[in-house]
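# Notes for the structure review
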Amino acid sequence: QVQLVESGGGLVQAGGSLRLSCAASGRTFSSYAMGWLRQAPGKEREFVAGIIKGGGSTVYADSVKGRFTISRDNAKNMVYLQMNSLKPEDTAVYYCNARPTPIPWGQGTQVTVSS
């Protein structure tokens, strides 16, 4: 079973950048399509970005399109989310998980964007 550990969050001013990382344990990581999701206080968890098993195709929520980039390194069992031009409304806990059927969630990483 794959286990997920997210990192890279922090406090950043609006317009700044962060790079999130997701480390996955387990030999079957490369068999999963992966995604990043986020949950802001008082809101439901929402989809942010997705990437197929081989990494050749990506998809983004309209709210982050053109600002965020998802990538993966199957040799290192890693998934990344490069976030540029951050906005206060990007403030949330960010999670990575398999798509479309999630596996056990990691602890997430907090991203806070100040105005």
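Our subject is the structure listed above.
Let us look at the structure shown here. Residue positions within a chain follow its written sequence, with the count starting from 1. Local features are withheld for residues below a pLDDT of 70 in this predicted model, meaning they are given only at 70 or higher, and side-chain atom pairs are given and counted only at 80 or more; totals for whole chains, interfaces and linings count all residues. Working from all heavy atoms in the structure, the side-chain values ignore hydrogens and water.

### Looking at the sheet that holds strand S2 (residues 10–13)
- As summarised here, the arrangement of the six strands in space is S2-S10-S9-S4-S5-S6, forming an open sheet in which the pairing is mixed. Whereas interior strands pair on both sides, the edge strands pair on one side only; in this sheet they are S2 and strand S6 (58–60). Across the sheet, the mean angle separating the axes of adjacent strands is 25° when strand polarity is ignored.
- Paired strands are those between which DSSP finds at least two bridges. Where helices and strands are cited, they refer to DSSP runs of H or I of at least four residues and of E of at least two residues respectively, numbered from the N terminus. Here strand S4 (residues 33–39) runs beside strand S5 (residues 46–51); their pairing, made up of five bridges, is antiparallel. Note on S5: the bridge partner recorded for Met 34 is Ile 51. What counts as an axis is a line fitted to C-alpha atoms, over the stretch in contact for a helix, and the angles between N-to-C directions run from 0 to 180 degrees.

### Examining the nonpolar core
- The set of buried Ala, Val, Leu, Ile, Met, Phe, Trp, Tyr and Cys residues whose side-chain atoms join them within 4.5 Å is what this entry labels a nonpolar core. Only protein chains enter the accessibility calculation, which uses a 1.4 Å probe. A residue is then buried if its area is under 20% of the maximum for its type, exposed if over 50%, and partly exposed in between. Formed by 30 residues in total, the largest nonpolar core has its most connected members in Trp 36, Leu 81, Met 83 and Tyr 94.
- Among the elements of the structure, strand S3 (18–24), S4, S5, strand S7 (68–73), strand S8 (78–83), strand S9 (92–99) and strand S10 (109–114) are those that each provide at least two residues to this core.

### A few points about the packing of aromatic side chains
- The aromatic pairing rule takes the rings of Phe, Tyr and Trp, using the six-membered ring of Trp, and pairs them if the centres are within 6.5 Å, calling planes under 30 degrees apart stacked, those over 60 edge-to-face and the rest tilted. This structure, assessed with the given rule, holds one aromatic pair.
- Ring geometry for Tyr 95 against Trp 105: centres 5.7 Å apart, planes inclined by 80°, an arrangement best described as edge-to-face. Placement of the pair is Tyr 95 in strand S9 and Trp 105 in the loop between S9 and S10, with a sequence separation of ten residues.
- Of the residues examined, Trp 105 reaches a relative accessible area of 36% and is grouped as partly exposed.
- Sitting over the ring of Tyr 95, Arg 45 keeps its end group 4.1 Å from the ring centre.
- Here the guanidinium or amino end of Arg 72 rests over the ring plane of Phe 29, the centre of that ring lying 4.6 Å away. A ring has a charge above it when a Lys NZ or an Arg CZ is no more than 6 Å from the ring centre and no more than 35 degrees off the ring normal.

### Re the sheet that holds S3
- Pairing in this open sheet of four strands is antiparallel, and the strands run S1-S3-S8-S7 from one edge to the other. With one partner strand each, in any of the chains shown, strand S1 (4–7) and S7 form the two edges of the open sheet. Neighbour-to-neighbour, the strand axes of this sheet turn through a mean angle of 15°, independent of strand direction.
- Where S1 meets S3, four bridges bridge the pair, whose relative direction is antiparallel. Looking at the pairing, Val 5 lines up with Ala 23 of S3.

It is worth stressing that arrangement in space is one thing and function is another; only the former is reported here.
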